[in-house]
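Listed below, chain by chain, are the residues.
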Amino acid sequence: MSNIGLVASESHPSRGAGPQPLAISRWLFAVAALVVFIVAVGGITRLTESGLSITEWKPVTGTLPPLNEAQWQAEFEAYKQIPQYTEVNGPAGMTLQDYKFIYFWEWVHRLIARLIGLAFFVPLVWFWIRGAIPPGFKPRLVGLLVLGGMQGAIGWWMVTSGLAADVKVSHFRLATHLLVALLTLGALTWTALDMRALARGEAPSRLGRFTLFVLAALALQLFYGALVAGLRAGYVANDWPLMQDRLVPAGIDWSLGLGHALVSDPFLTHFIHRWWAWVVVAILVVAARRLRRAGERPASIAIHLAFGTQILLGIATVMTGVALWIAVLHQLVGALLVAATVWGAHALGRTRQEQDS
C-alpha cells in the first residue's frame, strides 16, 4: 500500500500528496553536480594563486564585484597589505589588471558557493512545507544544509591563514576545505540514491565493513592529494614512475621527525600520494568486480572509468609540471571518482540487504 502511495505522489507532484523521493533525488543530484563544478573552480583558484585576492568575507555584500575604478583600487590596496603581495606579486610587478584576473576566479568561486547554498536551501523549504520529504530524512537533509554552511566558514578560515603570516594558505586548512566539499558530495550522492531506492519501494542502503574500507582508502588518497596541492608538492618532480630518477626521492626532510614529514614534507607527501593511488586502484578493482557479480554493471563501469582517467591525469599532471588545465581536470575527475565510488558502495549495500532479506 505504501508503494502505491509513493507512485501516486510521484505521478502528481504538484498535489503535495505525500513523499516525493524521485523529485528529491533529482534535486540532490543537481546540487551534487554543482559541488563537482565548484571543486573544479576551486582547483583553478588554487592553481592561479587567486584564493587570497579577496581579503574580507562579506557573505551578502560580497556578491557584487567592484563596480568602478575607485572600488577596484580599494580592493587592490587591501590586497597589497598581505604577504602574498609584499613578498611575491609586488616584487614581480603585479598590475591592477593582473589583480583583476585573480580576483575574478576567487569571486566566481565564492559566487558559486552562494548559489549552491540557495540551490539547496530554497527547494528544501519547498519540499518541507509540502510534506514531500519521506519520513526519517528531514534530519539528514538538515545535516547536509549545516555541512554546506560549515564549508563556507571553513573556506574563510582557510583564507585567513594566508592573510598575515604566510604567502599561501595552510595546507591543513586547504585539505579540510577540500575534504569537507567531497564529503558533502558523497553524502548528497548517497542520499539521492536512497531516494531513488525509496521511489522503487526499496529500503535505503547501508554501509558494510568492506564498503567502509573502500571509502576510507579513497579518503586517505584524497587527503594526500589535498596536502600535495597545499604544499605545492606537485612541482618537486616531473618524472614518472620514478622521482628524480629514484624510487624514493632524495629531498625528504626527516629532521623534524616522521610525523612532520608524513604530512608536511613536499617530497614525502608527493611520494605517498603517487604510490597509495595504486593501492586504491587495487581496492576499487575488487569493489568493481563485486558489483559486476551482483549485477550492478553500470556502477562497476563508472568506477573503472573514473579511476582509469584519474590515474592518467595524475601522471600527466606530474609530467607536464602541473599544467593548469590538466591539473584542474585531475581535481574534477577526483570528485567524479568520489561520486562513482559512493554509487558503488550504495549498490553493494543494497545488494547485501537483498541477500539478507
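As a reminder, the structure under discussion sits directly above these lines.
Note that this is a predicted model, so its numbers are computed, not measured.

*Asks:* Could you clarify how one ought to interpret the overall build of the protein chain in this entry?
*Replies:* On a plain count of helices and strands, the protein chain comes out with twelve helices and zero strands. Tracing the protein chain from N to C terminus, the helices and strands come up as α-α-α-α-α-α-α-α-α-α-α-α. Relative to the compact-globule value of 21 Å for 357 residues, the protein chain shows a C-alpha radius of gyration of 22 Å, a close match. Its C-alpha atoms put the protein chain at 70 × 55 × 30 Å along the principal axes. Counting only residues that meet the buried cut, the protein chain has 49% of its 357 residues in that class. Look at the contacts in the protein chain between residues 6 or more apart in sequence, and 75% of them connect residues 24 or more apart. Each charge class in the protein chain can be summarised by its mean position, and for the 27 positive and 19 negative side chains these summaries are 12 Å apart.

*Asks:* Before we go on, may I ask you to explain helix α10 (residues 266-293) in this structure?
*Replies:* Helical geometry: 3.6 residues make up each α-helical turn, so side chains three or four residues apart lie on a common side. The end-to-end C-alpha separation of α10 is 41 Å, in line with the 40 Å expected for 28 residues at 1.5 Å each. Its side-chain oxygen placed 3.0 Å from the backbone nitrogen of Phe267, Asp265 serves as the N-cap of α10. One or two positions beyond α10, positive phi appears at Gly295, with a value near 85 degrees.

*Asks:* For this particular structure, what's the right way to read a nonpolar patch on the surface?
*Replies:* Where nonpolar side chains cluster on the molecular surface, the patch consists of Leu115, Leu118, Phe121, Val122, Val125 and Ile129 and spans about 580 Å² of accessible area. Checked against the element boundaries, Phe121 lands in helix α5 (residues 96-129).

*Asks:* What exactly am I supposed to notice about the packing of helix α3 (residues 69-79) against α5 here?
*Replies:* Here α3 crosses α5 at 85 degrees, and the two axes come no closer than 11 Å. One element, α3, and the other, α5, form an angle in the roughly perpendicular class. Contact residues: α3 offers Glu69, Trp72, Gln73, Glu75, Phe76 and Tyr79, while α5 offers Leu96, Tyr99, Lys100, Ile102 and Tyr103. Class assignment of the residues belonging to the contact of α3 with α5 gives a composition of seven nonpolar, one polar and three charged.

*Asks:* Would you take a moment to explain the packing of aromatic side chains for this structure?
*Replies:* Any aromatic ring pair is given by two values, namely how distant the centres are and how the planes are angled relative to each other. Tallying each qualifying case throughout the model produces 13 aromatic pairs. Here Phe104 and Trp105 contribute two aromatic rings whose centre-to-centre distance is 5.1 Å and whose plane-to-plane angle is 75 degrees, an arrangement assigned as edge-to-face. Overall, Trp105 belongs to the buried group, its relative accessible area being 17%. On the basis of an interplanar angle of 75 degrees and a centroid distance of 5.3 Å, the ring pair of Trp126 and Phe127 is categorised as edge-to-face. Taken together through their ring pairs, the aromatic side chains of Trp72, Phe76, Tyr79, Tyr85, Tyr99 and Tyr103 make up a single cluster. Note that Arg290 overlies the ring of Phe210, its terminal NZ or CZ placed 3.9 Å from the centroid.

*Asks:* Got a minute to help me understand α3 in this structure?
*Replies:* Considered for burial, the residues of α3 that qualify are Trp72, Glu75, Phe76 and Tyr79. Down the axis of α3, the smallest arc covering the buried residues is 100 degrees, so these residues share one side. Looking at the buried positions of α3, the neighbouring elements they touch are α4 (83-89) and α5. The N-capping residue of α3, defined by a side-chain oxygen 3.2 Å from the backbone nitrogen of Ala70, is Asn68.

*Asks:* Sorry if this is basic, but what is going on with the side chain of Ser161 here?
*Replies:* Position of Ser161 among the secondary structure elements: in the loop between α6 (138-160) and α7 (171-199). At a separation of 2.5 Å, a polar atom in the side chain of Ser161 contacts the main-chain carbonyl oxygen of Met158. Within the local environment of Ser161, its side chain forms a polar contact with the backbone nitrogen of Ser170, the two atoms lying 2.8 Å apart. Not counting residues up to four positions away in its chain, the partners in contact with Ser161 are Asp166, Lys168, Val169, Ser170 and Arg173.

*Asks:* Help me out: how do you make sense of unusual backbone geometry in this one?
*Replies:* Glycine aside, the phi torsion of most residues is negative, and most peptide linkages are trans. Cis geometry is found at the peptide bond from Trp240 to Pro241, where omega equals 5 degrees. Structurally, the position occupied by Pro241 is in the loop between α8 (209-231) and α9 (258-264). The phi dihedral of Glu49 is positive, around 55 degrees, even though this residue is not glycine. With respect to the helices and strands, the residue Glu49 is situated in the loop between α2 (21-47) and α3.

*Asks:* Just checking my understanding: could you explain the side chain of Glu75 for this structure?
*Replies:* Turning to its location among the elements, Glu75 is positioned in helix α3. In this structure Glu75 is buried but unpaired, with Lys58 as the nearest side chain of opposite charge at 4.8 Å.

*Asks:* Even after reading the chapter, I still don't get the pattern of salt bridges, so can you show me in this structure?
*Replies:* Once their charged atoms are close, side chains differing in charge can pair, the charge on each being opposite to the other. Taken as a whole and judged by the stated rule, the model has seven salt bridges. Of the charged contacts in the structure, one is a salt bridge between Lys80 and Glu77, with a shortest N-O distance of 3.3 Å.

*Asks:* For this particular structure, what's the right way to read the nonpolar core?
*Replies:* Soluble globular proteins tend to pack their nonpolar side chains together in the buried interior. Core analysis: the biggest nonpolar cluster contains 88 residues, and Trp27, Leu28, Tyr99 and Phe120 have the highest contact counts within it. Here this core takes 14 residues from α2, the largest share from any one element. Discounting residues that sit within four places of it in the chain, Leu28 has contacts with Phe120, Leu141, Leu188, Thr191, Ala192 and Met195. Grouped together as the second largest cluster of nonpolar side chains are eight residues, Val236, Ala237, Ile252 and Phe271 included.

Calculation criteria
- Residues numbered from 1 in each chain as written.
- Predicted model: local features only at pLDDT ≥ 70, side-chain atom pairs only at ≥ 80, totals over all residues.
- Heavy atoms only, no water.
- Helix = DSSP H or I, 4+ residues; strand = E, 2+ residues; numbered from the N terminus.
- Rg over C-alpha atoms; globule rule 2.2 N^0.38 Å.
- Buried < 20%, exposed > 50% of the residue type's maximum accessible area, 1.4 Å probe, protein only.
- Contact = heavy atoms within 4.5 Å.
- Lys, Arg positive; Asp, Glu negative; His and termini not counted.
- Charge placed at Lys NZ, Arg CZ, Asp CG, Glu CD.
- Expected span 1.5 Å × (residues − 1).
- Polar contact = N/O pair within 3.5 Å; in protein donor to acceptor, adjacent residues only side chain to side chain.
- Patch = residues over 30% accessible without salt bridge, like charges linked within 9 Å, V, L, I, M, F, W, Y side chains within 5 Å.
- Areas by Shrake-Rupley, 256 points an atom, 1.4 Å probe, with all protein chains shown as cover.
- Salt bridge = Lys/Arg side-chain N within 4 Å of Asp/Glu carboxyl O.
- Axes fitted to C-alpha atoms, helices over the stretch in contact; angles between N-to-C directions.
- Parallel < 35°, antiparallel > 145°, perpendicular 65-115°, else oblique.
- Nonpolar A, V, L, I, M, F, W, Y, C, P; charged D, E, K, R; others polar.
- Phe/Tyr/Trp six-rings, centres within 6.5 Å; stacked < 30°, edge-to-face > 60°.
- Lys NZ or Arg CZ within 6 Å of the ring centre and 35° of its normal.
- Arc of directions from axis to C-beta.
- Core = buried A, V, L, I, M, F, W, Y, C linked by side-chain atoms within 4.5 Å.

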